[in-house]
Amino acid sequence: MKEIVCLAIESSCDETAAAVVRDGRIVESNVIVSQIDIHKKYGGVVPEIASRQHTESINLVVEEALKQANRTFDDIDIIGVTAGPGLIGALLVGVSAAKGLAYALKKPLVPVHHIKGHIFANFIEDKSLEPPFLCMVVSGGHTHLIKVKSYSEFEILGKTMDDAIGEAFDKVARTVGLGYPGGPLVDQAAQEGQDVCHFPRPVFENLNFSFSGIKTAVINYVHKTPEFNINDVCRSFEEAVTDVVITNIKRGMKQAGMNKIALAGGVAANRMLREKLKNFCEKNGYQFYYPAPVLCTDNAAMIGCAAYYDYLDGKTADLSLNATANLSIEKDL
Ligand SMILES: Nc1ncnc2c1ncn2[C@@H]1O[C@H](COP(=O)(O)OP(=O)(O)OP(=O)(O)O)[C@@H](O)[C@H]1O
Ligand SMILES: [Mg+2]
């Protein structure tokens with residue numbers, strides 16, 4: 001079969017990214033321009049600024065992705081793009097660029113669900129991984145325990161009822177006075193701390209998650225303890241949230257009758273979460289998959305992987321494609 005070369009674009013939040021991916025799993029280039037330094041001074045992503053920055057960077061990242069892959073537009077077979085969920089103004093920049101390219105090059109346009117992209121980062125990391133498996137999506141905006149039934153069928157077994165786990169990491173970092181984005185800084189501080197605060201570990205009858213109670217417990221502890229130790233607070237918070245995630249994965253694996261578990265999304269880079277899940281899988285004879293850190297946070301290589309499988313499934317769009325801020329992974333796309 002002829003190889004399929006995908007030019008993929010991602011602009012759902014604060015990373016402008018383009019990649020060239022061959023046959024879904026071979027990454028020829030993966031270019032990411034992060035806006036973190038710009039949003040840092042506001043303590044979070046400012047949507048209007050994000051859109052403007054995407055507009056400035058989009059053509060450059062596409063050019064650079066082609067250059068690094070040693071490709072020209074003539075080599076491209078399909079254009080993949082994140083169509084949602086995400087910040088609407090940010091998504092629109094990527095979708096408009098992809099539509100322009102698909103029209104000019106007369107190539108198929110493949111809209112991709114951003115969370116599907118995060119999950120599919122695992123296919124790039126491990127070329128032998130095939131569905132079905134369970135995937136724990138832990139990102140800045142999502143905390144979903146998903147049964148990946150095939151390359152196109154997904155069932156959400158549990159999800160957060162309030163904050164996403166990445167959001168909780170970022171808020172805890174702000175509470176203890178660390179910078180933005182907080183996840184990697186909390187990860188670092190926790191390495192030096194002890195679990196002395198004993199924050200709550202809420203678990204429900206179903207497989208849903210809640211992180212707002214843990215976050216409030218951290219805020220209350222910090223307010224009541226003038227001489228609090230940042231490392232201990234970060235360690236105690238990490239122990240609590242990772243215990244909750246592992247507990248639900250354990251129950252989800254049994255319920256779904258699965259023996260493979262993958263991590264996806266920015267928080268999948270967290271060292272304690274990886275370590276605890278690795279130990280749990282070793283004890284239970286489960287196979288554990290996780291992407292390299294650069295494939296955990298937003299990137300276009302994962303979008304190129306998902307676009308390839310969606311294209312094989314006939315899921316192309318015409319030039320009326322629009323960006324959508326909220327999209328269900330079970331029903332949409
Ligand atoms: N080592 C780490 N430990 C914990 N959290 C981390 C780590 N590295 C990154 N994060 C967190 O990951 C999040 C960013 O991940 P990602 O890029 O997947 O989210 P997003 O794209 O903003 O959200 P979504 O994918 O749900 O739309 C941030 O909340 C960040 O703090
Ligand atoms: Mg993301």
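Calculation notes
Residues numbered from 1 in each chain as written. Chains lettered and ligands numbered in written order. Predicted model: local features only at pLDDT ≥ 70, side-chain atom pairs only at ≥ 80, totals over all residues. Heavy atoms only, no water. Helix = DSSP H or I, 4+ residues; strand = E, 2+ residues; numbered from the N terminus. Rg over C-alpha atoms; globule rule 2.2 N^0.38 Å. Buried < 20%, exposed > 50% of the residue type's maximum accessible area, 1.4 Å probe, protein only. Contact = heavy atoms within 4.5 Å. Lys, Arg positive; Asp, Glu negative; His and termini not counted. Charge placed at Lys NZ, Arg CZ, Asp CG, Glu CD. Near = heavy atom within 4 Å. Polar contact = N/O pair within 3.5 Å; in protein donor to acceptor, adjacent residues only side chain to side chain. Areas by Shrake-Rupley, 256 points an atom, 1.4 Å probe, with all protein chains shown as cover. Nonpolar A, V, L, I, M, F, W, Y, C, P; charged D, E, K, R; others polar. Pairing = 2+ DSSP bridges. Donors = N, O, S within 2.8 Å, 3.2 Å for Na, K, Ca; no water. Phe/Tyr/Trp six-rings, centres within 6.5 Å; stacked < 30°, edge-to-face > 60°. Core = buried A, V, L, I, M, F, W, Y, C linked by side-chain atoms within 4.5 Å. Domains from an automatic or database assignment. Buried area = accessible area lost by both parts, 1.4 Å probe. Salt bridge = Lys/Arg side-chain N within 4 Å of Asp/Glu carboxyl O.

**A word on the overall build of the protein**
No. 1: Counting its secondary structure elements, the protein contains 11 helices and 10 strands.
No. 2: Taking 2.2 N^0.38 as the reference for a compact globule, 333 residues should give roughly 20 Å; the C-alpha atoms of the protein span a radius of gyration of 20 Å, in line with that estimate.
No. 3: In terms of principal-axis extent, the alpha carbons of the protein reach across some 60 × 45 × 30 Å.
No. 4: Evaluated residue by residue, the protein yields a buried proportion of 54% over its 333 residues.
No. 5: In the protein, the share of contacts with a sequence separation of at least 24, taken over all contacts with a separation of at least 6, comes to 73%.
No. 6: Distance between charge centres in the protein, computed from 33 positive and 40 negative side chains, equals 3 Å.

**Quick look at the site of ligand 1**
No. 1: Surveying the vicinity of ligand 1 reveals 22 residues, the closest of which are S139, G141, H142, D170 and D298.
No. 2: One of the side-chain N or O atoms of S139 is found 2.6 Å from an oxygen atom in ligand 1.
No. 3: Backbone polar atom of G140 to an oxygen atom of ligand 1: 2.9 Å apart, as the coordinates give it.
No. 4: A total of 640 Å² of accessible area belongs to ligand 1 in isolation, and the protein chains cover 88% of it.
No. 5: Residue assignment for the shell around ligand 1 shows that the elements contributing at least two residues are α4 (114-125), α5 (165-176) and α6 (182-190).
No. 6: Of the residues belonging to the shell around ligand 1, the class tally is seven nonpolar, 12 polar and three charged.

**Considerations on the pairing of strand β8 (residues 154-159)**
Residues in a regular strand point their side chains to alternate faces of the sheet.
No. 1: Inspection of the sheet shows strand β7 (residues 143-148) paired to β8 by five bridges, in the antiparallel sense. Within the sheet, the bridge partner assigned to I146 lies in β8 and is I156.
No. 2: The antiparallel hairpin formed by β7 and β8 contains five residues in its connecting segment.

**A closer look at the coordination of the magnesium ion (ligand 2)**
No. 1: Protein-derived coordination of the magnesium ion (ligand 2) comes from H114 (NE2), H118 (NE2) and D298 (OD), at a distance range of 2.0 to 2.2 Å.
No. 2: Positions of the donor residues of the magnesium ion (ligand 2), expressed as sequence spacing, correspond to H-x3-H-x179-D. Of this pair, H114 sits in helix α4 while D298 sits in the loop between α10 (293-296) and α11 (301-312); the two residues are 184 residues apart in sequence, bridging distant segments of the chain. With respect to burial, H114 and D298 carry one shared label: buried.

**Topic: the packing of aromatic side chains**
No. 1: For the structure shown, the criterion picks out 14 aromatic pairs.
No. 2: Arranged with centres 6.0 Å apart and planes meeting at 50 degrees, the rings of F123 and Y309 form a pair that is tilted. Residue F123 is found in helix α4, and its partner Y309 is found in helix α11; the two are separated by 186 residues along the sequence. Just as F123 is buried, Y309 falls in that class too.
No. 3: For the ring pair F280 and Y286, a centre distance of 5.6 Å and an interplane angle of 55 degrees mean the geometry is tilted.

**Focus: the nonpolar core**
No. 1: M136, F199, F211, F237, I249, I261 and L277 are the most contacted members of the largest nonpolar core, which totals 46 residues.
No. 2: Residue assignment for this core shows that the elements contributing at least two residues are β6 (133-138), α5, α6, α7 (212-224), α8 (230-256), β9 (260-264) and α9 (271-284).
No. 3: Top contributing element to this core by residue count: α8, with 11 residues.
No. 4: Filtering out sequence-adjacent residues up to four positions away, F199 remains in contact with I214, A217, V218, Y221, V233, S236, F237 and A240.
No. 5: Within the second largest apolar cluster, 36 residues are counted, among which are C6, A8, A262 and C305.

**Structural notes on the domain arrangement of the protein**
No. 1: Per the domain assignment, the segments making up the protein are domain 1 (5-119 + 296-312) and domain 2 (131-294).
No. 2: Here domain 1 and domain 2 have C-alpha centroids that lie 27 Å from each other.
No. 3: Contact between domain 1 and domain 2 buries roughly 1,600 Å² in total, counting both sides, with carbon and sulfur atoms accounting for 69%.
No. 4: If you sort the residues of domain 1 by the area they bury against domain 2, I115, I119 and C296 come out on top, with a joint share of 42%.
No. 5: The interface formed by domain 1 and domain 2 holds zero salt bridges in total.
No. 6: At the level of secondary structure, the elements contributing two or more residues to the side of domain 1 that touches domain 2 comprise β3 (26-34), α1 (36-40) and α4.
No. 7: Ranked by residue count, the leading element in the side of domain 1 that touches domain 2 is α4, at four residues.
No. 8: Here the side of domain 1 that touches domain 2 is composed, by residue class, of eight nonpolar, six polar and four charged.

**Things to note about the pattern of salt bridges**
No. 1: The tally for this structure, following the rule as stated, stands at 19 salt bridges.
No. 2: In this structure, K2 engages D77 in a salt bridge whose closest nitrogen and oxygen atoms are separated by 3.1 Å. With K2 in the segment before β1 (5-10) and D77 in the loop between α2 (47-69) and β4 (78-84), this pair connects stretches of sequence that are 75 residues apart.
No. 3: Accessibility expressed as a relative area gives 18% for D77, which makes it buried.
No. 4: Of the charged contacts, one joins K215 and D163 as a salt bridge, the two residues approaching to 2.8 Å between their closest N and O atoms. In this pair, K215 is assigned in helix α7 and D163 in the loop between β8 and α5, connecting sequence segments 52 residues apart.

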